[in-house]
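# Report on the structure
Residue strings, one per chain:
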Amino acid sequence: MAAAICRLQFFQPPSSSCSLVKSSSFLPHKLPPHSSSSSPPFSNPNFFSTRLRRFSFTPPLCSTTNQIPDDKSSSGSASSPSIVGGLLDYLNESWTQFHATAEAKRQLIAAGFHLLSENDEWELKPGGRYFFTRNMSCLVAFAVGEKYSAGNGFHVIAAHTDSPCLKLKPKSASSKSGYLMVNVQTYGGGLWHTWFDRDLSLAGRVIVRADDGSFLHKLVKVNRPLLRVPTLAIHLDRTVNKDGFKPNLETQLLPLLGTKLEDKSVDYKEKNSTSSLKDAHHPLLMQILSDELGCKIDDIVSVELNVCDTQPSCLGGGSNEFIFSGRLDNLASSYCALRALVDSCGLPGDLSNEHAIRMIALFDNEEVGSDSVQGAGAPTMFQAMRRINDCLAHQYVGESAFERAIRHSFLVSADMAHGVHPNFSDKHEEHHRPELHKGLVIKHNANQRYATTGVTAFLFKEVAKIHNLPTQEFVVRNDMGCGSTIGPILASGVGIRTVDCGIPQLSMHSVREICGKEDVDIAYKHFKAFYQTFSSVDSKLKVDY
């Protein structure tokens, strides 16, 4: 082994940063055929004295500006392009709920949607496409059918932009044993042990004072490893593998920013700063933010930052059939909904025979209960529906047009689902074990933790059946608790019919999650089919008559 170590000293590893490569360069590598006459390398006594071996590394497909080639085995229409490449780009751009909303905004504007403000009067017309944001972490977009009239329904896909993470406390600066530490608070129900020994950084939003005295809302992302939460060496915690890793979230989950420096060795411009944040955050951190934003430290008057994993989202698995990424819950659903809306009304004539309004609603704060002005617990979506209905009612349309519109409406609550874990399959109910690559999972719960009913499940599955798309079913075991979604919150808000569904995944709420590449395309096709065919399906079923 000593000789092996000597040889490895000459080996130069590849860069730790992930290469951004196009899908065309991501080609499979085949091993040479094994010769029965050749000896295994470690049986050769002269192995370590031979010339240096050449190592081949295939960079993961982290991001692409082109479409990933269609998977011919994918369910549904073979002519539909894959959106997986776009999803990887979206995930890599969207480190926070603010960045996810900003990127969705950018794509909507590029697709021809018109930006509205909730503070202004709206002027809408049939065939128009519009959107607005709230808090730059919540977004509602909609396309008006050319045959829409007040009282017709809304066909909505709702998801959320937030994910479990660590957030900086208002006063984040602390020091321990000669290290600069960052005080954080946990957001949502994360698997916090997965955040240890990761290359972490910061992203979020800041308020900056402009030269004219006004204030600017800006997004920031420090796109390099900046922080680390180191684990304790096993030599100092001998029983950790037997007793389990149970860190104290207040005292042992603090990220390390750097080593504490003597004041004389640091020449920060803000030594005499009058900023209100001077004592709240480390001068080093404020300098880093200042450099990223291109502004003076004194001009940064407020920060709202998430701790983020820097490893890019990428394809993985033996056949590149998986997506490895943070924040799949629930940015994968958000992106599929966004693309389905944009692509269902992107061509002339796509809305010519539509009597309804196609809508997406992307909310913040789902991971902590949705009770916020930008969460699903606020009446954001329903206020928008009422305004749309009133704006398009150019003449008297009869009694209770908005209430009638709600009764004609249908909501798809899209949130990631629990795929069966190969090492813990007993955690799933025996007959309801969703698998990756098998399509959207329809979620059921008799205690209304999910809003799905027999009627809403049938309608959503009927859309899939028409387009030859697979679906799966999930119900939690009776001896286990059940999570929930924004579905019941929105369904009970004004009484809108709702189905809860999601893309199956593993490692939910880990810093690094897994889902199937094919399921992303199936979800996109299912959502797009929902917009295009739900009206005809719904018209064939009468329940209350």
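Residues numbered from 1 in each chain as written. Predicted model: local features only at pLDDT ≥ 70, side-chain atom pairs only at ≥ 80, totals over all residues. Heavy atoms only, no water.

### Re the overall build of the protein chain
- A tally of helices and strands in the protein chain yields 11 helices and 20 strands.
- Taking all 545 residues of the protein chain together, the buried fraction comes to 50%.
- Considering only intrachain contacts with a sequence separation of at least 6, the fraction spanning at least 24 residues in the protein chain is 76%.
- Total accessible area computed for the protein chain in this model is approximately 27200 Å², and 52% of it derives from carbon and sulfur atoms. (Helix = DSSP H or I, 4+ residues; strand = E, 2+ residues; numbered from the N terminus. Buried < 20%, exposed > 50% of the residue type's maximum accessible area, 1.4 Å probe, protein only. Contact = heavy atoms within 4.5 Å. Areas by Shrake-Rupley, 256 points an atom, 1.4 Å probe, with all protein chains shown as cover.)

### Describing the packing of aromatic side chains
- Taken as a whole and judged by the stated rule, the model has 13 aromatic pairs.
- Between phenylalanine 530 and tyrosine 531 the ring centres are 5.6 Å apart and the planes differ by 50°, which places this aromatic pair in the tilted class. Note on accessibility: phenylalanine 530 and tyrosine 531 belong to one class, buried.
- On the basis of an interplanar angle of 50° and a centroid distance of 5.3 Å, the ring pair of phenylalanine 530 and phenylalanine 534 is categorised as tilted. In this pair, phenylalanine 530 and phenylalanine 534 are both assigned in helix α11 (residues 517–538), 4 residues apart and thus about one turn of the helix distant. Summarising the burial analysis for this pair, phenylalanine 530 and phenylalanine 534 share the class buried. (Phe/Tyr/Trp six-rings, centres within 6.5 Å; stacked < 30°, edge-to-face > 60°.)

### Here we look at the pairing of strand β12 (residues 322–325)
- Here β12 shows a clear split, with Ile323 and Ser325 buried on one side and none of Phe322 and Phe324 buried on the other.
- Between strand β11 (residues 314–316) and β12, which pair antiparallel in sequence order, lie 5 residues; one of them, glycine 317, sits at a positive phi of approximately 95°. (Pairing = 2+ DSSP bridges.)

### Digging into the packing of helix α9 (residues 454–466) against α11
- Orientation of α9 relative to α11, taken along the N-to-C sense of each, is 110°, at an axis distance of 9 Å. Relative to α11, the element α9 is oriented roughly perpendicular. Here Leu459, Phe460, Glu462, Val463, Ala464 and Ile466 of α9 lie close against α11, whose contacting residues are His526, Phe527, Ala529, Phe530, Thr533, Phe534, Val537 and Asp538.
- The residue inventory of the contact of α9 with α11, partitioned by class, reads 10 nonpolar, 2 polar and 2 charged. (Axes fitted to C-alpha atoms, helices over the stretch in contact; angles between N-to-C directions. Parallel < 35°, antiparallel > 145°, perpendicular 65-115°, else oblique. Nonpolar A, V, L, I, M, F, W, Y, C, P; charged D, E, K, R; others polar.)

### Digging into the pairing of strand β7 (residues 200–209)
- Summarising burial for β7: 8 of the 10 residues are buried, a large majority.
- With 9 bridges joining them, β7 and strand β10 (residues 300–309) adopt antiparallel strand pairing. For leucine 202, the partnering residue across the bridge sits in β10 and is valine 307.
- Two strands pair when backbone bridges link them, and β7 and strand β8 (residues 215–221) are joined in this way by 7 bridges, in the antiparallel orientation. Across the sheet, residue valine 206 finds its bridge partner in β8, namely lysine 218.
- Counted between consecutive antiparallel strands, the loop separating β7 from β8 contains 5 residues, among which glycine 213 sits at a positive phi close to 95°.

### Details of the pattern of salt bridges
- Overall, the coordinates contain 15 salt bridges when judged by the stated rule.
- Residues arginine 339 and aspartate 343 are paired through a salt bridge, measuring 3.1 Å at the closest nitrogen-oxygen approach. With arginine 339 and aspartate 343 both in helix α6 (residues 328–344) and 4 residues apart, the pair spans about one turn of that helix.
- Given the relative accessible area of 14%, arginine 339 is considered buried. (Salt bridge = Lys/Arg side-chain N within 4 Å of Asp/Glu carboxyl O.)

### Regarding the nonpolar core
- Ile157, Ile323, Ile360, Val412 and Phe527 are the most contacted members of the largest nonpolar core, which has 56 residues in total.
- Among the elements that take part in this core, α6 stands out by supplying 10 residues, more than any other.
- With residues up to four places along the chain from it excluded, the contact list for isoleucine 157 reads Ala337, Met359, Ile360, Ala361, Val412, Ala414, Phe527, Phe530 and Tyr531.
- Counting residues in hydrophobic clusters, the runner-up holds 34 residues, among them Cys165, Val220, Leu226 and Ile288. (Core = buried A, V, L, I, M, F, W, Y, C linked by side-chain atoms within 4.5 Å.)

### With respect to the sheet that holds strand β5 (residues 165–176)
- With respect to topology, 6 strands assemble into an open sheet ordered β8-β7-β10-β5-β6-β9, the strand pairing being antiparallel. Where the open sheet ends on each side, the last strands, each with one partner, are β8 and β9 (256–259). Adjacent strand axes in the sheet meet at a mean angle of 25° when their direction is disregarded.
- The strands touched by helix α3 (residues 97–110) within the sheet are β5, β7, β8 and β10, with β8 carrying the most contacts at an inclination of about 100°.

### Description of the side chain of glutamate 513
- Structurally, glutamate 513 is set in strand β20 (residues 513–516).
- Here glutamate 513 is buried and forms no salt bridge, its nearest opposite-charge partner arginine 327 lying at an N-O distance of 8.2 Å.
- Side-chain polar atoms of glutamate 513 contact the backbone nitrogen of leucine 328, separated by 2.9 Å.
- Ignoring any residue separated from it by four or fewer positions in sequence, one finds glutamate 513 in contact with Ile323, Phe324, Ser325, Gly326, Arg327, Leu328, Asp329, Gln505, Leu506, Ser507 and Met508. (Lys, Arg positive; Asp, Glu negative; His and termini not counted. Polar contact = N/O pair within 3.5 Å; in protein donor to acceptor, adjacent residues only side chain to side chain.)

### Structural notes on α9
- Here α9 contains 13 residues, and its C-alpha end-to-end distance of 18 Å stays within 8% of the 18 Å for a straight helix at 1.5 Å per residue.
- Buried within α9 we find Thr456, Ala457, Leu459, Phe460, Val463 and Ala464. Within α9, the buried residues cover an arc of 165° as seen down the axis, which keeps them to one side. With respect to the buried face of α9, the exposed residues turned more than 90 degrees away are Gly454 and Lys465.
- Asparagine 468, located one to two residues past α9, shows a positive phi value of around 60°. (Expected span 1.5 Å × (residues − 1). Arc of directions from axis to C-beta.)

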